[in-house]
Amino acid sequence: MDLFMKLLLLLSGLFFCFVGASFFLRWKRVVQWVQKRKFGRIAEPRKEEKWMARIMGALLFLVGLYYVVAAVLSVLSA
C-alpha cells in the first residue's frame, strides 16, 4: 500500500507538471477555450489574460515538480 501511495503521488505530480506546462506554453489556446466555455464566443486574449495564464501555468508546474521530488525522495529513502 505504501508503494501505491508513492506511485500515486508521482503520477499526480507528473499530471500537474503536464497541465502547468500546457497552460504556460499554450496560453492562447487555454484562454480561448475558457472564453468559449464561459461566454460562448472567442476573442483575442488581452495582455492580462496572457500573463494570468502563464502565472497559473508556472505555479501548477512548480506544485507538480514539488510532488515529483517528494515522491522520488520517498521512494529512495525506503
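Here, the structure is the one placed above.
Residues numbered from 1 in each chain as written. Predicted model: local features only at pLDDT ≥ 70, side-chain atom pairs only at ≥ 80, totals over all residues. Heavy atoms only, no water.

Peer 1: Explain helix H3 (residues 47-77) to me, and be specific about the residues and the numbers.
Peer 2: Over its 31 residues, H3 runs 45 Å from end to end, which matches the ideal 45 Å to within 8%, given 1.5 Å per residue. Ala53, Gly57, Gly64, Val68 and Ala71 are the residues of H3 that are buried. Packed against the buried residues of H3 are helix H1 (2-25) and helix H2 (27-39). (Helix = DSSP H or I, 4+ residues; strand = E, 2+ residues; numbered from the N terminus. Expected span 1.5 Å × (residues − 1). Buried < 20%, exposed > 50% of the residue type's maximum accessible area, 1.4 Å probe, protein only. Contact = heavy atoms within 4.5 Å.)

Peer 1: An account of the environment of arginine 46 is requested, with residue identities and associated values reported.
Peer 2: Within the secondary structure, arginine 46 sits in the loop between H2 and H3. Sequence spacing of arginine 46 and lysine 28 is 18 residues, and the spatial spacing of their C-alpha atoms is 9.6 Å.

Peer 1: Outline the packing of aromatic side chains, listing residues and values.
Peer 2: The geometry of an aromatic ring pair is captured by the separation of the ring centres together with the interplanar angle, meaning the angle of the planes. Summed over all chains, the structure comprises three aromatic pairs. For the pair tyrosine 66 and tyrosine 67, a centre-to-centre distance of 6.1 Å together with 50° between the ring planes defines the contact as tilted. Note on tyrosine 66: relative accessible area 58%, which makes it exposed. With a relative accessible area of 29%, tyrosine 67 lands in the partly exposed category. Three or more aromatic residues joined by ring pairs make a cluster, and in this case those are Phe15, Phe16, Tyr66 and Tyr67. For the cation-ring pair, arginine 54 lies above phenylalanine 24, with the distance from its terminal atom to the ring centre recorded as 5.5 Å. (Phe/Tyr/Trp six-rings, centres within 6.5 Å; stacked < 30°, edge-to-face > 60°. Lys NZ or Arg CZ within 6 Å of the ring centre and 35° of its normal.)

Peer 1: How would you explain the layout of surface pockets if you had to name every residue and give the values?
Peer 2: Within this model, the largest pocket holds a volume of roughly 200 Å³. Forming the boundary of the largest pocket are Phe23, Val30, Val31, Val34, Gln35, Lys38, Phe39, Glu49, Met52, Ala53 and Met56. Looking at the lining of the largest pocket, the element that brings in the most residues is H2, giving six residues. (1 Å grid on protein atoms, 1.4 Å probe; cavity = no way out; pocket = protein on both sides within 12 Å on 5 of 7 lines; lining within 4 Å. Points joined across faces, edges and corners; volume = space filled by probe spheres on them.)

Peer 1: Give me the lowdown on H2, citing residues and values where you can.
Peer 2: Under the 1.5 Å per step criterion, the end-to-end length of H2 is 18 Å for 13 residues, consistent within 8% with the ideal 18 Å. Residues of H2 that are buried include every one of Trp27, Val30, Val31 and Gln35, and no others. Summarising the axial view, the buried residues of H2 lie within an arc of 135°, below the 170-degree limit, and thus occupy one face. H2 presents Arg29, Trp33, Lys36 and Arg37 as exposed residues on the side facing more than 90 degrees away from its buried surface. Next to the buried residues of H2 lie H1 and H3. (Arc of directions from axis to C-beta.)

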